[in-house]
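Given next are the chains, with one letter for each unit.
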Amino acid sequence: MEKQSVFAGRSLCVIDDFTIEERKYLFEEVKVLKQAMEKNDLSVMDRYRINDKDFGIYEVFLEDSTRTKESFRNAANFHHVKVSELNSDSSSFNKGESFADTFNTLSGYSNTIFIVRSKIEGVCRWLEDECHEYALRNKLWRKPSFINAGDGKHEHPTQELLDEFTFMEDNTWQTDSIHLALVGDLYHGRTVHSKAAGLRIFEKVRVDLIAPPELAMPENYLLEMKKNGFDIRQFSSIEEYLKQSDIADKWYFTRPQLERMGDRILQRQDELRNSITFRKEFMGKLPENTKFYHPLPRHKVTPTIPTFLDNTSLNAWERQSINGMYVRIALLALIGGKIGSGFVPSESKREREDEEYIFEVALDQEKPKDKVISEGVQPIRNGIVIDHICRGDSPSEIRDHMRLISSVLHLDEEKGGEWVSCGHKDETTFKGIIFRPGANDLTRKELKRLAAVSPGCTLNIIKEGKVEKKYRMQMPPRIYNFDDLSCTNEACISHPVQSEGVPAMFYRTADNKFACAYCGKTHSFKEIWKSRKK
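Not measured: the values here are computed from a predicted model.

Engineer: Describe the domain arrangement of the chain, naming the residues involved and giving the relevant values.
Structural biologist: The parts lose accessible area when they come together, and the size of an interface is often stated as this lost area. By the assigned domains, the chain splits into domain 1 (15-156 + 325-336), domain 2 (163-297) and domain 3 (358-364 + 372-476). Taking only C-alpha atoms, the centre of domain 1 and the centre of domain 2 are 28 Å apart. At the junction of the two partners, domain 1 supplies 21 residues and domain 2 supplies 21 residues. Together, the buried faces of domain 1 and domain 2 total about 1900 Å²; carbon and sulfur atoms form 57% of this surface. On the domain 1 side of the interface with domain 2, the three residues burying the most area are Phe27, Arg67 and Lys153, jointly 30% of the side's total. Between Glu164 and Arg23 there is a salt bridge; the shortest N-O distance is 3.0 Å. In this structure, the connection of domain 1 to domain 2 is made through 10 residue pairs in polar contact (both at pLDDT 80 or more). It is helix H1 (residues 20-39) that provides the largest number of residues to the side of domain 1 that touches domain 2, a total of seven residues.

Printed below as a string of structure tokens:
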């Protein structure tokens, strides 16, 4: 094995686990490998082989797959390593064993890279952390790596890699711009969800979303595209799209998964399929050099790309599929440490910074104000007052959230109450106030909980009729280590319905929401508490 690189031992759980710079490096290696394999140049091909019979690559496909599974199997066999497959029908999953226990056990059998497909979202991210701890506890030589081969409706990062490679191949390797139409089931299609971040490899991105409302791109991915600066347009059908003149030269089709959407949708399936299926009458309306792509499979009865297009210049999906094996060979070579030692990133990886979000107010520096008591609220002599709760919300929303705050902070059994008030200068803006006479000062952990459940509020600690301490709460950058947190996505590995014991964890997004660390689903600060669901 060659000198270890920055890629060795890494996991690919979502496309952003590899930076744009790292993906471009990968694609340069794929170009060299593809040319060598097309020419059967063994001397070059051997530079990419891990060639270690003790190096274990394990396929675990808990959901049906042909292309991803077989291209990974062939990619793994290329490396002359130990290749194994878990038979999910007879595995310990059927005996109630957890993902962590299963993969920890397999890690101990000299398996280094796991390729995992599952309907449960965020599996690879959880296993990356959990199996790393297992490897440290048991002094395993190699830390196991995980490659997400598709998890529910979340992401499919290796498909995104081969898509990007093929787009660049048809873009004469230029990354200055791309104009891409995404056509089909954008709601369920994890391959198009990965594009919300993946297409950032191009400097200027124009994306036309073509789908009826029932199959439209989920709002969180649409917002991510806009946050990344993509120019977005939306159309309900191919026919509507082709009535205007600004047509993309790259079209990416996905298979409609109407069977997931119930009888009401199935009754309209002919209409919905027709809106996203290319027809012969559209042929003359396409720009010169247009290419069609598809992650496959396409339905043999109702294909969105009909077979009459197979022998036309539009057909890029076959080459796209073949590229999948080249990309996956190179990816395994990178993670396995065979190649990549020559890559030197232009900037060091940014470490997570934990910023402060609980601020104690220096009372002696505060400007004196006229003491104004909110209507209906009597001063307390000793206790706590939480003020400015959900300022700007409606009274009913504020009352509802104050009940949640009281539950999260375990204040339900204390005396006191809640009040909705408005500003003395603006009687149209409401805020909530919680007062608990006799309550003690909050611990640091309780302060963290308050900031998480009510960012923007103020906490006053009252002693002998005076404010002894005052804290202002801002939105935390992360929320974790609280037993009563829960992602609302039932398909997420951390959701209680999965019974995997995965602690919920959230990261603050640029638009001040909280994204699940595993499945990526975004929530408001009001939605992530189990008390909300009681």
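Engineer: Could you give an account of the sheet that holds strand S6 (residues 204-210), naming the residues involved and the relevant values?
Structural biologist: Read across the open sheet, the five strands follow the order S7-S6-S5-S8-S9; overall the sheet is parallel. The open sheet is flanked by strand S7 (231-235) and strand S9 (291-293), the only strands paired with a single partner. Neighbour-to-neighbour, the strand axes of the sheet open up by a mean angle of 20°, direction not taken into account. Bridge count between S6 and S7: five bridges; the pairing is parallel. Across the sheet, Leu209 pairs through a bridge with Gln234, a residue of S7.

Engineer: Got a sec to walk through the pattern of salt bridges? Specific residues and values, please.
Structural biologist: Taken as a whole and assessed by the stated rule, the structure comprises 35 salt bridges. Of the charged contacts, one joins Arg49 and Asp46 as a salt bridge, the two residues approaching to 2.7 Å between their closest N and O atoms. Salt bridges sharing partners connect three or more residues here, namely Glu59, Lys69, Glu70, Arg73 and Glu85.

Engineer: A description of empty space enclosed by the protein should follow, citing residues and the corresponding values.
Structural biologist: If you walk through the whole model with that rule in mind, you get one cavity of 30 Å³ or more. Taken as a whole, the largest cavity encloses approximately 30 Å³ of empty space. Lining the largest cavity are Cys13, Val14, Gly122, Val123, Cys124, Arg125, Asn148, Asp151, His154 and Tyr518. Breaking the lining of the largest cavity down by element, the ones donating at least two residues are helix H5 (123-137) and strand S4 (145-151). Take the lining of the largest cavity: its biggest share by element is three residues, from H5. In terms of residue class, the lining of the largest cavity is made up of five nonpolar, three polar and two charged.

Engineer: Which residues make up the packing of aromatic side chains, and what are the values?
Structural biologist: Within the structure shown, the criterion is met by 23 aromatic pairs. Measuring from ring centre to ring centre gives 5.9 Å for Trp251 and Phe253, while their planes differ by 25°; the resulting arrangement is stacked. Of the two residues, Trp251 and Phe253, both sit in the buried class. Taken together, the aromatic side chains of Phe235, Tyr241, Trp251, Phe253, Phe278, Phe282 and Phe292 make up a single cluster linked through ring pairs. Here the basic side chain of Lys280 rests over the ring of Phe308, its NZ or CZ set 5.3 Å away from the ring centre.

Engineer: Account for the packing of helix H14 (residues 395-408) against helix H15 (residues 444-453), with residues named and values stated.
Structural biologist: Two elements in contact, H14 and H15, have axes separated by 10 Å at closest approach and are oriented at 160°. For the element pair H14 / H15, the angle class is roughly antiparallel. Where H14 crosses over H15, the handedness of that crossing is right-handed. Residues His401, Leu404, Ile405 and Val408 of H14 touch H15, and the partners they reach there are Arg449, Leu450 and Val453. Per-class residue counts for the contact of H14 with H15 are five nonpolar, one polar and one charged.

Engineer: So what's going on with the nonpolar core? Which residues, and what values?
Structural biologist: A general trend in soluble globular proteins is that nonpolar side chains are found buried together. In terms of nonpolar packing, the biggest core is built from 87 residues, with Ile115, Leu182, Leu199, Tyr241, Trp251, Phe292 and Leu332 touching the most fellow members. Dropping the residues within four chain positions of it, Phe292 is found in contact with Trp251, Phe253, Phe278, Leu286, Ile305, Leu309, Leu314, Asn315, Ala316 and Trp317. Ranked by size, the runner-up nonpolar core spans 63 residues in total, among them Phe146, Leu447, Ala452 and Phe514.

Engineer: Which residues make up the side chain of Glu128, and what values do they have?
Structural biologist: Mapped onto the secondary structure, Glu128 falls in helix H5. Of the polar contacts made by the side chain of Glu128, one reaches the side chain of Arg125; its length is 2.8 Å. Among all residues touching Glu128, those that are not within four sequence positions of it are Ser11, Cys13 and Phe146.

Engineer: Residue-level account of the pairing of strand S11 (residues 383-389), with values.
Structural biologist: With six of seven residues buried, S11 lies mostly within the body of the structure. Where S11 and strand S13 (residues 430-437) come together, five bridges link them in antiparallel fashion. Bridging across to S13, Ile384 finds its partner in Arg436. Summarising the sheet, S11 and strand S14 (residues 458-463) pair through five bridges and their orientation is antiparallel. Looking at S14, one finds that Ile384 is bridged to Ile461.

Engineer: I'd like a description of unusual backbone geometry, backed by residues and values.
Structural biologist: A cis amide bond, omega 5°, links Leu296 with the succeeding residue Pro297. Inspection of the secondary structure assignment puts Pro297 in the loop between S9 and helix H13 (317-335). Phi at Asn51 takes a positive value of approximately 55°, unusual for a residue other than glycine. Take Asn51: it is sitting in the loop between helix H2 (42-45) and strand S1 (56-61). The backbone of Leu296 shows a phi angle near 65°, a positive value even though the residue is not glycine. Examined against the element boundaries, Leu296 turns out to sit in the loop between S9 and H13.

Criteria and cut-off values
Along every chain, residues carry numbers that run from 1 in the direction the sequence is written. Under the rules for a predicted model, residues below a pLDDT of 70 receive no local features and side-chain atom pairs below 80 are neither given nor counted, while totals for whole chains, interfaces and linings still include all residues. Hydrogens and water molecules were not included; the side-chain quantities draw on all heavy atoms of the structure. Those domain boundaries reflect an automatic or database domain assignment. The criterion used for residue contact is that any of the two residues' heavy atoms lie within 4.5 Å. Here's the idea: put two parts together, see how much 1.4 Å probe accessible area each one loses, and the total over both is what we call buried area. In what follows, salt bridge is the name for a side-chain nitrogen of Lys or Arg lying within 4 Å of a carboxyl oxygen of Asp or Glu. Distance and chemistry together define a polar contact, namely a pair of N or O atoms within 3.5 Å, with one atom able to donate a hydrogen and the other to accept it when in protein, and with adjacent residues in sequence counting only for side-chain atoms on both sides. Secondary structure is summarised from DSSP: a helix means a run of H or I of at least four residues, a strand means a run of E of at least two, and numbering begins at the N terminus for each. If DSSP finds at least two bridges between two strands, the strands pair. Orientation is described by axes fitted as lines to C-alpha atoms, over the contacting stretch for helices, and by angles from 0 to 180 degrees between their N-to-C directions. In this analysis the probe radius is 1.4 Å and the grid spacing 1 Å, with only protein atoms considered; a cavity is a set of points the probe fits into but cannot get out of, a pocket is an open set with protein on both sides within 12 Å along at least five of seven lines, and lining residues have an atom within 4 Å of a point. Grid points are joined across faces, edges and corners, and a volume is the space filled by probe spheres set on the points. Gly is placed with the polar residues, together with every amino acid not listed as nonpolar (Ala, Val, Leu, Ile, Met, Phe, Trp, Tyr, Cys and Pro) or charged (Asp, Glu, Lys and Arg). Ring pairs are drawn from Phe, Tyr and Trp, using the six-membered ring of Trp, whenever the two centres fall within 6.5 Å, and their geometry is named by plane angle: stacked under 30 degrees, edge-to-face over 60, tilted for the rest. Here's how the labels work: a residue is buried when its accessible area is under 20% of the maximum for its type, exposed when over 50%, partly exposed in between, all with a 1.4 Å probe on protein chains only. Any Lys NZ or Arg CZ found within 6 Å of a ring centre and within 35 degrees of that ring's normal is scored as a charge over the ring. For classification, angles of less than 35 degrees are called roughly parallel, those exceeding 145 degrees roughly antiparallel, those between 65 and 115 degrees roughly perpendicular, and all remaining angles oblique. With the far helix as reference, a near helix turned anticlockwise by less than a right angle produces a left-handed crossing, and one turned clockwise produces a right-handed crossing. To qualify as a nonpolar core, a set must consist of buried Ala, Val, Leu, Ile, Met, Phe, Trp, Tyr and Cys residues joined through side-chain atoms within 4.5 Å.

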